[in-house]
Amino acid sequence: MDKPLIKITVQTEDFSLADEYQLLANTPGCGAVLTFSGLVRDDGSTQLQSLELEHYPGMTEQALTDIALLAVARFKVKAVTLIHRIGTLTPQQQIVLVGVASSHRREAFQAGEFIMDYLKTKAPLWKKQHLATGSDWVDAKHTDAECAKRWDLS
Amino acid sequence: MDKPLIKITVQTEDFSLADEYQLLANTPGCGAVLTFSGLVRDDGSTQLQSLELEHYPGMTEQALTDIALLAVARFKVKAVTLIHRIGTLTPQQQIVLVGVASSHRREAFQAGEFIMDYLKTKAPLWKKQHLATGSDWVDAKHTDAECAKRWDLS
Amino acid sequence: MIKILFFAALRERLQCRELQLAITQPCQMQDVLKQLQQQSEKWQQVFSEQQLLCALNQQICSLNTLVHPGDELAFFPPVTGG
Amino acid sequence: MIKILFFAALRERLQCRELQLAITQPCQMQDVLKQLQQQSEKWQQVFSEQQLLCALNQQICSLNTLVHPGDELAFFPPVTGG
């Protein structure tokens with residue numbers, strides 16, 4: 001097996017899903033490419049003005065690298081791209097991208113979901129939402145811990 | 001809930017993942033966009049020259065629409081895009097795209113995998129591979145039937 | 001009359017893409033299948049060797065499904081798209 | 001000396017991003033936590049009210065983990081990225 005290709009970035013700038021997809025699709029022997037992106041959601045009722053993402057510089061990169069390596073080892077995928085934005089984001093903007101290239105579809109889906117579940121409970125990132133009525137830190141979701149447990153991660 | 005957006009296409013031309021992603025990301029209230037694409041894999045050993053995709057015109061579109069509607073009903077996703085190419089494809093070319101937009105990540109992953117598992121066992125499409133040594137029809141995989149069973153589809 | 005379509009490996013082995021069959025009253029898919037097998041020894045052999053799915057009016061169906069005059073039937077190998 | 005970092009809601013409530021603490025021999029994370037709580041009544045209150053995770057040298061750890069001089073520690077609320 002070729003050495004898996006891992007790309008990890010924590011950045012304030014936006015990313016191009018098209019560029020990242022092309023990179024993954026060029027992985028030798030790859031038959032399946034999965035991308036997942038998380039966007040700033042505006043459900044209409046919260047009057048969200050912006051979302052601020054704080055992180056732990058250094059540790060975030062390390063945590064994202066660890067999870068990518070775990071996913072590669074567990075699901076034998078050929079390439080993983082993981083980009084997380086920090087700073088101030090507005091509704092509909094992209095927050096996070098997980099990309100996976102693999103031989104077959106099942107590994108790509110599993111690795112993608114594993115990475116997101118892990119990231120949601122282990123990567124040192126925090127969201128603060130700025131609403132028309134004030135600002136508050138987003139509470140961690142119980143369901144995220146449950147999702148991580150499915151992979152024996154917590 | 002807004003009416004779910006469903007886009008189904010069976011075509012010989014290539015598709016632009018970037019364009020389809022952008023369309024999905026614009027879905028109102030969407031916080032998660034998943035794309036899965038299947039590519040013609042060349043594992044190096046088979047000397048694959050091309051892949052020919054035959055289908056049952058009319059029924060293919062109907063089958064893809066049915067599965068998109070099932071996925072929307074079951075996972076409450078907001079938009080589904082499903083594009084399948086037919087005709088002659090060469091290694092590394094795109095064969096199929098599944099795109100899902102939803103509020104949260106879990107539904108997007110589940111709907112995406114459900115759609116692919118269903119498509120692999122129920123949509124009237126057949127692959128013939130042209131190798132340096134001759135041509136043959138690809139055999140249906142037992143594992144695909146197993147995957148479909150996970151959703152009580154067979 | 002009913003229209004019967006064949007696809008992929010089945011179409012190639014039968015060297016037939018489509019045919020019409022006369023039926024005047026409802027029958028089951030398996031009755032149609034039997035009639036097809038009786039076309040010739042070659043057809044008999046191809047249908048016995050090949051694992052098949054069938055569809056009625058563009059919906060996958062079982063061999064017990066009822067066929068009416070005017071219906072569109074299809075026989076084909078297990079699908080391999082995606 | 002050890003370096004201690006605070007993030008997000010905890011950083012805001014403590015009004016402190018980073019501090020140094022003198023330790024001369026290994027101790028547990030929970031000993032450091034106790035010492036922080038004793039800084040003031042406000043710190044006592046914030047640490048008792050806030051659900052916390054901790055990290056040692058940029059790896060999430062438990063309160064039993066051993067801390068050595070020169071280590072980088074961090075306390076923060078449950079994460080909410082992605």
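A quick note: this is a predicted structure, and the numbers were derived from the prediction, not measured. (Residues numbered from 1 in each chain as written. Chains lettered and ligands numbered in written order. Predicted model: local features only at pLDDT ≥ 70, side-chain atom pairs only at ≥ 80, totals over all residues. Heavy atoms only, no water.)

Caption draft 1: The arrangement of the sheet that holds strand β7 (residues 72–76) of chain C in detail. In space, the five strands of this open sheet follow the order β2-β1-β7-β4-β5 (chain C), with mixed pairing throughout. This sheet does not close on itself; its edge strands, each paired only once, are β2 (18–21) and β5 (59–61) of chain C. Neighbouring strand axes in the sheet, compared pairwise and without regard to direction, differ in orientation by 30° on average. Relative to β7(C), strand β4 (residues 53–56) of chain C runs antiparallel, the two sharing four bridges. Bridging across to β7(C), C:Leu53 finds its partner in C:Phe76. Along the sheet, helix α2 (residues 59–75) of chain B makes contact with β4, β5 and β7 of chain C, crossing β5(C) at roughly 85°. Helix α2 (residues 29–37) of chain C rests against β1 (2–6), β2, β4, β5 and β7 of chain C of the sheet, and its axis sits at about 65° to β7(C). (Pairing = 2+ DSSP bridges. Helix = DSSP H or I, 4+ residues; strand = E, 2+ residues; numbered from the N terminus. Axes fitted to C-alpha atoms, helices over the stretch in contact; angles between N-to-C directions. Contact = heavy atoms within 4.5 Å.)

Caption draft 2: Expanded view of the pairing of strand β6 (residues 94–102) of chain A. All names here are of chain A. β6 sits mainly inside the fold: nine of its nine residues count as buried. As judged from the eight bridges shared by strand β2 (residues 32–39) and β6, these two strands associate in the antiparallel manner. Bridge assignment links Thr35 to a residue of β6, and that residue is Gly99. (Buried < 20%, exposed > 50% of the residue type's maximum accessible area, 1.4 Å probe, protein only.)

Caption draft 3: Main features of the relation of the copies chain A and chain B. Each copy of the sequence occupies a distinct position, and chain A is placed on chain B by a rotation of 180° and an axial shift of 0.0 Å, giving an RMSD of 0.0 Å. Expressed as an axis order, the relation between the two copies is that of a two-fold axis. Interface residue correspondence from chain A to chain B reaches 100%, placing this contact among same-surface, isologous pairings. (Least-squares fit on C-alpha atoms with pLDDT ≥ 70 in both.)

Caption draft 4: Structural view of the sheet that holds strand β5 (residues 87–89) of chain A. Residues and elements named next belong to chain A. On the basis of which strands lie adjacent, the open sheet formed by four strands has the order β5-β3-β7-β8 and antiparallel pairing. Of all the strands in the sheet, the pair left with one neighbour each is β5 and β8 (134–137). The average undirected angle you get between the axes of adjacent strands in this sheet is 20°.

On their own, these measurements won't tell you what the molecule is for.
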